[in-house]
Amino acid sequence: MARERSGRKSAGRKGGAGGRPASRGGEVPGIEPGVFTIDSGTAEILRDPFTDGAWLLKLNGAESSQLNPEDPLDLGFEYMRWIAAVIMHRWAPEEPLRILHLGAAGCTLARWAAAWYPDSRQTAVELDAGLAALARDRFALPRAPRLRIRVGEAGEVLGGAHEHSRDVIVRDVFAGTTPEDQVTPDHLIGLDAARHARRVLGADGVYLVNHGGGPDLTAARREAATLRAVFGTVVAIADPQMLKGRRRGNIVFAATDGRLTARDGGGALSRDGLVRHLLADPLPARLVDPVTDFAAGARPLAEPLPGTKLGSSSARVNDDTGENDRRPS
């Protein structure tokens with residue numbers, strides 16, 4: 001599986017980087033279970049057997065998203081809690097963040113950001129138009145302009161995004177027909193994708209990557225090397241057993257040319273505060289900073305984004321019409 005979960009915790013509660021803002025992630029939806037046909041196969045909505053009040057979205061049999069309709073700050077997947085922790089320790093809740101999600105699925109992380117950062121503006125990119133419509137219709141997502149759903153290929157959208165137009169980019173894209181063959185396409189993990197992410201973010205932005213895989217860490221080390229070749233600071237976040245190659249799971253890479261946390265000194269928004277936050281997670285995570293030793297001996301992946309080159313503007317992320325964008329790519 002590309003996404004793993006262990007334990008339960010709201011990213012905005014104990015161990016967080018400040019007081020919890022009021023939940024403003026949209027109306028509480030009347031979610032109903034069922035199996036639905038989407039462009040890439042089937043999507044199943046079912047109750048989470050391990051978490052009261054939560055629902056799961058499965059895509060072709062693989063767990064993709066967990067949603068708590070009454071509490072958008074509740075993140076059931078550990079890698080999402082780790083991503084949220086990085087964002088929380090870099091920006092205060094009153095910041096009007098501009099966030100691009102490459103990979104939307106159930107938009108769980110986008111709902112979290114809409115609640116924790118109520119002045120944020122987000123675009124979620126989803127290749128599967130049927131899945132995007134299902135999430136919009138069934139999960140009561142925030143409406144435009146707070147959250148726009150863009151139907152399109154993630155690499156194309158990234159390659160065409162405007163320079164310095166985002167504060168955060170989250171890449172959470174997997175493709176495959178079964179839970180066992182879920183992988184991120186090579187063109188989204190190559191040097192070209194990293195360079196475009198850096199261009200779109202600017203000096204102060206953060207690129208957050210969900211890498212999923214098995215005990216063989218060859219691909220993870222190569223991804224770390226690729227990000228190091230482009231960004232000034234790259235860290236890894238993962239369960240220590242995953243970093244030792246002892247289990248299947250997720251590694252979150254955070255890459256930036258600016259600061260990883262809001263403050264270098266003491267306090268909740270410092271690097272030490274982030275470390276404590278990650279250690280307090282139900283699945284305690286280690287912060288590997290820098291990733292130099294982890295990536296030692298690995299070569300960057302020189303895979304281009306098809307049909308794009310730096311400076312191009314073939315796809316438009318920002319839509320000023322106020323409507324949710326569901327154009328095919």
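Note that the structure is predicted; figures quoted are calculated from it, not measured. In this numbering scheme, every chain counts its residues from 1 along its sequence in written order. Predicted model: local features are reported for residues with pLDDT of at least 70 only, side-chain atom pairs are reported and counted for 80 or more only, and whole-chain, interface and lining totals are derived from all residues. The side-chain numbers reported here are obtained from all heavy atoms of the structure, hydrogens and water having been left aside.

### Some words on the confidence of the model for the protein chain
Logical step 1: You can read pLDDT as the predictor saying how much it trusts each residue, on a scale of 0 to 100. Across the protein chain, the average pLDDT comes to 85, with 82% of residues at or above 70.
Logical step 2: Note that residues 23–27 has pLDDT below 50 and, in this model, 16 contacts with residues that lie over four places away or in other chains.
Logical step 3: This stretch, residues 311–329, has a pLDDT under 50; its non-local contacts, to residues over four places away or in other chains, come to 52 contacts. Any pair of residues with heavy atoms lying within 4.5 Å of one another is described as a contacting pair.

### Some details on the pairing of strand E9 (residues 147–151)
Logical step 1: Burial classes: relative accessible area under 20% of the type maximum marks a residue as buried, over 50% as exposed, and values in between as partly exposed (1.4 Å probe, protein chains only). Secondary structure elements are defined from DSSP: runs of H or I of at least 4 residues count as helices, runs of E of at least 2 residues count as strands, and each element is numbered from the N terminus. The element E9 is extensively covered by neighbouring structure, given that five of its five residues are classed as buried.
Logical step 2: Residues Leu147, Ile149 and Val151 line one face of E9 and the alternating positions Arg148 and Arg150 line the opposite face, and both faces are buried.
Logical step 3: A clockwise course of the path from the first strand over the helix to the second, judged with the strands pointing away from the viewer, identifies a crossover as right-handed. Read from strand E8 (residues 121–126) through helix H3 (residues 129–138) to E9, the crossover connection turns out right-handed.

### Quick word on the packing of aromatic side chains
Logical step 1: When the centres of two rings from Phe, Tyr and Trp lie within 6.5 Å, Trp using its six-membered ring, the rings pair. Their planes under 30 degrees apart give stacked, over 60 give edge-to-face, and anything left gives tilted. Inspection of the entire model under this criterion finds five aromatic pairs.
Logical step 2: Aromatic side chains Trp112 and Trp116 sit 6.5 Å apart centroid to centroid with 10° between the ring planes, which places their arrangement in the stacked category. Taken as a pair, Trp112 and Trp116 lie in helix H2 (residues 108–116) at a separation of four residues, close to a single helical turn.
Logical step 3: Note on Trp112: relative accessible area 1%, which makes it buried.
Logical step 4: One aromatic cluster in this structure is built from Trp112, Trp116 and Tyr117.
Logical step 5: The ring of Phe294 carries the charged tip of Arg221 above its face, separated from the ring centre by 4.7 Å. As a reminder, the over-ring test applies to NZ of lysine and CZ of arginine, requiring each to be within 6 Å of the ring centre and within 35 degrees of the ring normal.

### Focus on the side chain of Arg166
Logical step 1: Secondary-structure assignment places Arg166 in the loop between helix H4 (154–160) and strand E10 (168–171).
Logical step 2: Nearest to the buried, unbridged Arg166 among oppositely charged side chains is Asp167, at 8.0 Å. When charges are counted, neither His nor the chain ends are considered; positive counts come from Lys and Arg and negative counts from Asp and Glu. Between Lys or Arg on one side and Asp or Glu on the other, a salt bridge is scored when a side-chain nitrogen of the former is within 4 Å of a carboxyl oxygen of the latter.

### With respect to the pattern of salt bridges
Logical step 1: Counted under the stated rule, the structure contains seven salt bridges.
Logical step 2: Between Asp239 and Arg247 there is a salt bridge, with the nearest N and O atoms lying 2.6 Å from each other.
Logical step 3: Residue classification places Asp239 among the buried positions, given a relative accessible area of 8%.
Logical step 4: Under the relative-accessibility criterion, Arg247 is labelled partly exposed at 22%.
Logical step 5: Through salt bridges with shared partners, a single network forms among Glu78, Asp239 and Arg247.

### As for the packing of helix H1 (residues 78–90) against H2
Logical step 1: Running from N to C, H1 and H2 point in directions that differ by 30°, and their axes come no closer than 11 Å. Considering the angle they form, H1 stands roughly parallel to H2. Handedness of the H1/H2 crossing: right-handed. For the pair H1 and H2, the contacting residues are Met80, Ile83, Ala84, Ile87 and Met88 in the first and Thr108, Leu109, Trp112 and Trp116 in the second.
Logical step 2: Under the grouping applied here, Gly and all other residues not named as nonpolar or charged are polar, the nonpolar ones being Ala, Val, Leu, Ile, Met, Phe, Trp, Tyr, Cys and Pro and the charged ones Asp, Glu, Lys and Arg. In the contact of H1 with H2, the residues fall into eight nonpolar, one polar and no charged. An axis is simply a line fitted to the C-alpha atoms; with a helix, the fit covers only the stretch in contact. Between two such axes, the angle follows the N-to-C directions and lies from 0 to 180 degrees. Comment on the angle field: the value is read as roughly parallel under 35 degrees, roughly antiparallel over 145, roughly perpendicular from 65 to 115, and oblique elsewhere. By convention the crossing between two helices is left-handed if the near helix lies anticlockwise of the far one by an angle smaller than a right angle, and right-handed if it lies clockwise.

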